[in-house]
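Structure at a glance
The primary structure of each chain is shown beneath.
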There are 2 protein chains.
Amino acid sequence: MRYPAAETAEKHQRILTAAARLFREQGFDGVTVGQIMQATGLTHGPFYNHFASKEALMAESTLHGSEHSRVALDAASASPEAMRQYVRDYVSTAHRDAPGDGCLLAALAGDVRKQPAVRPAFTFHLKTIIGKLAAHFPWQKKRDPRQQAIVMLSAMVGAVALSRAVDDDAFSDEILKAVNTAFTT
Amino acid sequence: MRYPAAETAEKHQRILTAAARLFREQGFDGVTVGQIMQATGLTHGPFYNHFASKEALMAESTLHGSEHSRVALDAASASPEAMRQYVRDYVSTAHRDAPGDGCLLAALAGDVRKQPAVRPAFTFHLKTIIGKLAAHFPWQKKRDPRQQAIVMLSAMVGAVALSRAVDDDAFSDEILKAVNTAFTT
DNA sequence: TGTACATCAGTGAACGCGCGTTCACTGATGTAC
DNA sequence: TGTACATCAGTGAACGCGCGTTCACTGATGTAC
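In what follows, the accompanying structure is described. (Residues numbered from 1 in each chain as written. Chains lettered and ligands numbered in written order. Predicted model: local features only at pLDDT ≥ 70, side-chain atom pairs only at ≥ 80, totals over all residues. Heavy atoms only, no water.)

1. Quick notes on the overall build of chain A
Regarding its fold elements, chain A presents 10 helices and 0 strands. Traced from its N-terminal end to its C-terminal end, chain A shows the element sequence α-α-α-α-α-α-α-α-α-α. Dimensions along the principal axes, computed over C-alpha positions, put chain A at roughly 65 × 35 × 25 Å. As displayed, chain A offers around 8300 Å² of accessible surface, 54% of which is attributable to carbon and sulfur atoms. Positive and negative side-chain charges of chain A, numbering 21 and 19 respectively, have mean locations separated by a distance of 7 Å. (Helix = DSSP H or I, 4+ residues; strand = E, 2+ residues; numbered from the N terminus. Areas by Shrake-Rupley, 256 points an atom, 1.4 Å probe, with all protein chains shown as cover. Lys, Arg positive; Asp, Glu negative; His and termini not counted. Charge placed at Lys NZ, Arg CZ, Asp CG, Glu CD.)

2. A word on a positive patch on the surface
On the surface, Lys-141 and Arg-143 of chain A together with Lys-141 and Arg-143 of chain B cluster together to form a positively charged patch. Residue placement: Arg-143 of chain B occurs in the loop between helix H8 (119–136) and helix H9 (145–165). When its relative accessible area of 40% is taken as the criterion, Arg-143 of chain B is described as partly exposed. (Patch = residues over 30% accessible without salt bridge, like charges linked within 9 Å, V, L, I, M, F, W, Y side chains within 5 Å. Salt bridge = Lys/Arg side-chain N within 4 Å of Asp/Glu carboxyl O. Buried < 20%, exposed > 50% of the residue type's maximum accessible area, 1.4 Å probe, protein only.)

3. Side note on the nonpolar core
By size, the foremost hydrophobic cluster in this structure holds 116 residues, and its most contacted members are Tyr-90 of chain A together with Tyr-90 of chain B. Contacts of Tyr-90 of chain A, omitting those with residues within four sequence positions, involve His-95, Cys-103, Leu-105, Ala-106, Met-156, Val-157 and Val-160 of chain A. (Core = buried A, V, L, I, M, F, W, Y, C linked by side-chain atoms within 4.5 Å. Contact = heavy atoms within 4.5 Å.)

4. Brief notes about the interface of chain B and chain A
Taken together, the contact between chain B and chain A spans 44 residues of the former and 44 residues of the latter. Interface area, chain B with chain A, both sides summed: about 3700 Å², of which 62% is carbon and sulfur. It is Arg-113, Leu-162 and Phe-171 of chain B that lose the most area in chain B upon contact with chain A, and together they represent 17% of the buried surface on that side. Counting every contact that joins chain B to chain A gives 6 salt bridges. Between Glu-174 of chain A and Arg-146 of chain B there is a salt bridge; the shortest N-O distance is 2.5 Å. Taken together, the elements giving at least two residues each to the side of chain B that touches chain A come down to helix H1 (5–26), helix H7 (104–112), H8, H9 and helix H10 (169–184) of chain B. Counting residues per element, the side of chain B that touches chain A draws most heavily on H9 of chain B, which supplies 13 residues. In terms of residue class, the side of chain B that touches chain A is made up of 23 nonpolar, 7 polar and 14 charged. (Buried area = accessible area lost by both parts, 1.4 Å probe. Nonpolar A, V, L, I, M, F, W, Y, C, P; charged D, E, K, R; others polar.)

5. Observations regarding the relation of the copies chain B and chain A
What relates the two chain copies is a rotation about an axis together with a slide along it. By a simple turn and slide, chain B fits onto chain A: the slide is 0.0 Å along the axis, the RMSD is 0.0 Å, and the turn is 180°. What the superposition gives is, in effect, a two-fold axis relating one chain to the other. Comparing contact sets, 100% of the residues at the interface of chain B also lie at the interface in chain A, consistent with an isologous, same-surface contact. (Least-squares fit on C-alpha atoms with pLDDT ≥ 70 in both.)

6. Side note on the packing of aromatic side chains
Scanning the entire structure with this criterion turns up 10 aromatic pairs over all chains. Plain terms: the ring middles of Tyr-86 of chain B and Tyr-90 of chain B are 6.5 Å apart, the flat faces sit at 50° to each other, and that makes the pair tilted. Residue Tyr-86 of chain B and its partner Tyr-90 of chain B are located together in helix H5 (residues 80–90), separated by 4 residues, close to a single helical turn. Exposure class is identical for Tyr-86 of chain B and Tyr-90 of chain B. Each is buried. Each residue in the set Phe-47, Tyr-48 and Phe-51 of chain A is aromatic and connected to the rest through ring pairs, giving one cluster. (Phe/Tyr/Trp six-rings, centres within 6.5 Å; stacked < 30°, edge-to-face > 60°.)

Here it is, written out as structure tokens:
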């Protein structure tokens, strides 16, 4: 049956939000179209009324999911202490344990290599985050801020990815704490 | 038909080697049992004469594939300059462009989170690498070597993973170069 | 040493199964008059 | 304003397809005597 236009647009957003979460939790290949549609309360059929393919959804949800991260970083740009807190929150056990609500760089870097359709959105997001970190993080020395931002973000992404892969809670905590101490004290 | 025992053992190794390479290139879910067996020159049927399941192969090939890395790092432990060269080679474009021959930490960290069977082997390998780096890398200051090793390895793993995900060659090179400069000059 | 038989890795067709995707149908909404 | 019709998102069964895994069969090798 036909539905009001506003309702359709809202469902489109609901699909995007559910997909962004599920993809970060379980990876692109670990989530089925059916699971995504179930998370929005619909059957899997009408998915193709909203998106051309699963691949198209992957690309669009990566753009959609990255907006929140950029907004959060903009908010933190107001003060040096807020920037340090941003980094602390990033390499935290809370972030490690909630990939669905977390950064897509750490959650999906490995998957993106195998998904050409997602690479442009991922690249754009990574460039933006590095630019904001370089501009607003309170760097201590006189070295190139952009280079320092790349090194710090690489360490943050690597630490979260490794801490999630590891089988030993104390070791996982140690990885996060090491990177936290190195950049925020 | 029956085959000599030596030949059987050799085929077991060939499967492990082919699997270790393919898994790093395309991820655990991106490789089929058929592809692995084809890479060893056999049909897919006899796979189950060698391994209980694909999951069992994933775990065993992770152990198998990590041995080379540890040997390489032990060789580099002989001199400070060799350790720096180890890091340079890690964050190189050559390593980025050949994941099948490269470090499993950077290639499979994201996949391991979703593969419980592989996590013990991955964790053991990561602990070993960090221990060797902490012990033999020429750290400059008096800070905790183990903490510095974790930070450096996180940055190395993160940089290689991000450089592989990105859609822009110059940007990809820049990521590797930033981490290289930070730790080896 | 020679012979008969048991072994077991390799073969390749076949199996369930779950995936992404398609499609004929439904029926409340929006629109034309 | 009221009525008749066209629209189109949702439904849910169905489709190919490729995956991991199984299995009856083959036949050169190893072993018993």
